[in-house]
Amino acid sequence: MTSSMLFNIATFSYLISMLAFFTFLAVKSKHVGLAGSLASYFGFIVHTAAILLRWKESYDMGMGHAPLSNLYESVVFFAWTIILIFGIIDLKYKYRVVGAFVVPFALLGMAWAQLGMESGIQPLVPALQSNWLLYHVITCFLGYAAFAVACGISIMYLIKAGKEDSAGTTQAGGIISMFPSIKILDDLNYKAIIIGFPLLTLGIITGAAWANYAWGTYWSWDPKETWSLIVWFIYAAFLHARFTRGWVGKKAAVLSIVGFAATIFCYLGVNLLLSGLHSYGGGG
Amino acid sequence: MKNVREDIFFDKNPWKSGSVTLTTSNRGFLQALWDFFCSLKLAIFLLIMLATTSIIGTVIPQGTPPPEYLQTISDGKYKIYQALGFFDMYHSWWFILLLYLFTVNIVACSIKRLPRVWKVISEPTLVMDDSFEKTLGLTHDFKMNGDAASLRDKMTAFLKGEFAEPVVTEREGEFHLFAQKTPYSRLGVYVVHLSIIVIFIGALLGSFFGYKAYVNIVEGTGTSVVYSRSGQKPIELGFTVRCEDFAVTFYDTGAPKEFKSLLTVIDGGQVVVDKRPIIVNDPLTYKGITFYQSSYGPAGEGGLYHFTVRERKGGAPVKLSLHPGERTLLPDGSSMQGLEAAQEVSQFVPQFRGAAARIEVTPKGGGEPQAFIVFQNYPEFDAQRGADLIFTYDGSDEKMFTGLQVAKDPGVWVVWTGCSLMVIGCCMAFFMSHKRVWIRVRKGHVTLGGSANKNQPGFQLAFDALVDKLKQQ
């Protein structure tokens, strides 16, 4: 059994999970919803084992480093953190249907990594040979994942709010009826972001500490640094907007989606489109 | 959410902040200015402005823009960018102004709201009277037998055991108990605000009293001067740093594995640091100045390439030494030139390890020159080329230089303090809530009231559990 096979099983599990959640929306059977959750949990366990196995494989190859060193490994880890945060929200708040809008993000990541990327284990270049790698990558991606979940919830919010507007004040029917109320969606969005914001803050701080340790500058307005700060500003605006009239509800949902778009740009766009110091994640 | 909102800011309508209309009176103007800087809308506006304008510097190259880039933009555009400071936008007047406004906004918001929050913490409402009870979302009423004093003692013990030590107040024959948990969590937001100011102070300290510099040191030599990264201004270190040796190693794939310099520090004629290895991610700090492994290269001075040449048909091998680019005559009348050499060839030719040189041999009397690589670790390799002369590379004594980033930043600890405060403040603000429980003992009635400033559903569960426990007593 290689880690690559396990990653494929995890990817397939997320596919099943996503399809189950979509079916759940249509047929409204509790069992189907449960199946969706269980499939994603099974995938998560296999995914975890795969990451650990890949870690071990790198030691067997004499390189010995955490599997967080290039684009492929980071996308795989990102998918893992998304399912982790989804699992926490699912178990804690029991709004299973959220899975239909969150698991696809993880599936997309895994499918892209497994089908479209070079997956070989490479040795660590000198710049990455540091314990900060672990702290920095883990905190950043847990933050990103919380924002991904918030984005999925915000999309649900906008769909539901839009339908309810056009349908008048009455509760909208069809697929939408499975959605939690917009009040709950708004609250879940907030809850996901208050998980993500401190993690992003920690991610930026560990990144700064590492940069200071490796290069002697904790902040150099490098595109990656700047984009992480842009993301931080957007979510800081979101958190303040919640206490302002006229900024709750739809605008907050839009801000959450914009925030996640900026997060994705910070993660992928900067490496693939802009140049800078943070080039390890590119190409892969 | 309404509850939370009012609880945090503690005034009925914090958004409509007083008289916003401009009046001709000075006081009116100052009031309006103050209200402007205290407003949350300004905070949101500034955050969004900082986010959007920051994008510019990630798209337009910062510093001295490369000529390739300048060719892609028109003259007019260049002038506009230049005028707006887009080539160094994070230090442009308008970006700095945004940061100043942001700072003033944070300070003003905190000055306005902190005293009220502090009052909630330091002067809690100890008595739950009927009108206050109505404002609480969570209440529960019990009928209980027993005189007031014994009920008071029972409730005091109950709160102490199940929640927190209560404060007991007696009023008109009624007993009022008040207990609270983590009141200081209300300060979380202000801790985060303070942390931003602390980080700014740290950054300013660094820019006034520190520097960022670089220096290249050739192996076997030392320097006491480094050069500022902005403007190449020389900076005296006050001591000497020597590079004893530089080495680079590679993985089998040809990717670099380690860049290592051995540094010696000589201060006042004494060796204070002796041959300390520094690598990327492991710098050397002496007297508050830190040296970071950053780059390397051939020193390009005095280096000689050494070769051995022998004829295929036999005879004594001939040793040759020549400078890079130098041409020399060979025993058979042809000539050779050492083009370039590398300490480690695997990054160019992944199948091979060790040092190698690229040479060019021109046949006797002219003709097509031939360029090829010879390896130090594979002396027989060149024989396979089939030519009459067989070359072996014996290495070079070319010196390398190590490129070091040099930084002095006395503000860095202030920045880390600010960062720690920010994380602590975030945790206080997001994950802790100020939980309060009141108990009123009145003629055979015991009334419980509770409130939390955050996460009400979570507190409701805790409150219900408290009520259940009291029922069992």
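Residues numbered from 1 in each chain as written. Chains lettered and ligands numbered in written order. Predicted model: local features only at pLDDT ≥ 70, side-chain atom pairs only at ≥ 80, totals over all residues. Heavy atoms only, no water.

(A) Expanded view of the overall build of chain B. Each helix and strand in chain B was counted, giving 11 helices and 20 strands. Relative to a compact globule of 473 residues, whose C-alpha radius of gyration would be 23 Å, chain B shows 38 Å and is clearly more extended. With the C-alpha coordinates aligned to their principal axes, the bounding extent of chain B is approximately 120 × 65 × 45 Å. Counting over 473 residues, chain B shows a buried share of 45%. When contacts within chain B are restricted to residue pairs at least 6 apart in sequence, those whose partners lie at least 24 apart make up 57%. Put simply, chain B shows about 24,500 Å² of open surface, and 59% of that area lies on carbon and sulfur atoms. (Helix = DSSP H or I, 4+ residues; strand = E, 2+ residues; numbered from the N terminus. Rg over C-alpha atoms; globule rule 2.2 N^0.38 Å. Buried < 20%, exposed > 50% of the residue type's maximum accessible area, 1.4 Å probe, protein only. Contact = heavy atoms within 4.5 Å. Areas by Shrake-Rupley, 256 points an atom, 1.4 Å probe, with all protein chains shown as cover.)

(B) Expanded view of the confidence of the model for chain B. All names here are of chain B. For chain B, per-residue confidence averages 86 on the pLDDT scale, and 94% of positions sit at 70 or higher. Taken together, the stretch residues 1-23 has pLDDT below 50 and engages in 42 contacts with residues farther than four places along the chain or on a different chain. Reported confidence for the predicted complex is 0.90 by ipTM and 0.85 by pTM. (pLDDT = per-residue confidence, 0-100.)

(C) Structural view of the environment of D245 of chain B. All names here are of chain B. Here D245 lies in strand β6 (residues 234-250). When the C-alpha positions of D245 and A43 are compared, they lie 53 Å apart, and in sequence the two are 202 residues distant. Each residue touching D245, except ones within four places of it in the same chain, is listed here: E219, K260, S261 and L262.

(D) Molecular detail of helix α1 (residues 3-27) of chain A. For α1 of chain A, with 25 residues, the first-to-last C-alpha span of 36 Å sits near the 36 Å given by 1.5 Å per residue. Immediately beyond the C-terminal end of α1 of chain A, within one or two residues, lies K28 of chain A, with a positive phi of roughly 60°. (Expected span 1.5 Å × (residues − 1).)

(E) Region of interest: the interface of chain A and chain B. Tallying the contact residues gives 45 residues for chain A and 50 residues for chain B. Interface of chain A and chain B: buried area, both sides summed, is about 4,300 Å²; carbon and sulfur atoms make up 72% of it. On the chain A side of the interface with chain B, the three residues burying the most area are Y218, W221 and F243 of chain A, jointly 17% of the side's total. Along the contact surface separating chain A from chain B lie zero salt bridges. Our enumeration of links across chain A and chain B arrives at 10 residue pairs in polar contact (both at pLDDT 80 or more). Among the secondary structure elements, those contributing two or more residues to the side of chain A that touches chain B are α6 (182-215) and α7 (223-241) of chain A. Top contributing element to the side of chain A that touches chain B by residue count: α6 of chain A, with 14 residues. Within the side of chain A that touches chain B, the residues separate by chemical class into 34 nonpolar, nine polar and two charged. (Buried area = accessible area lost by both parts, 1.4 Å probe. Salt bridge = Lys/Arg side-chain N within 4 Å of Asp/Glu carboxyl O. Polar contact = N/O pair within 3.5 Å; in protein donor to acceptor, adjacent residues only side chain to side chain. Nonpolar A, V, L, I, M, F, W, Y, C, P; charged D, E, K, R; others polar.)

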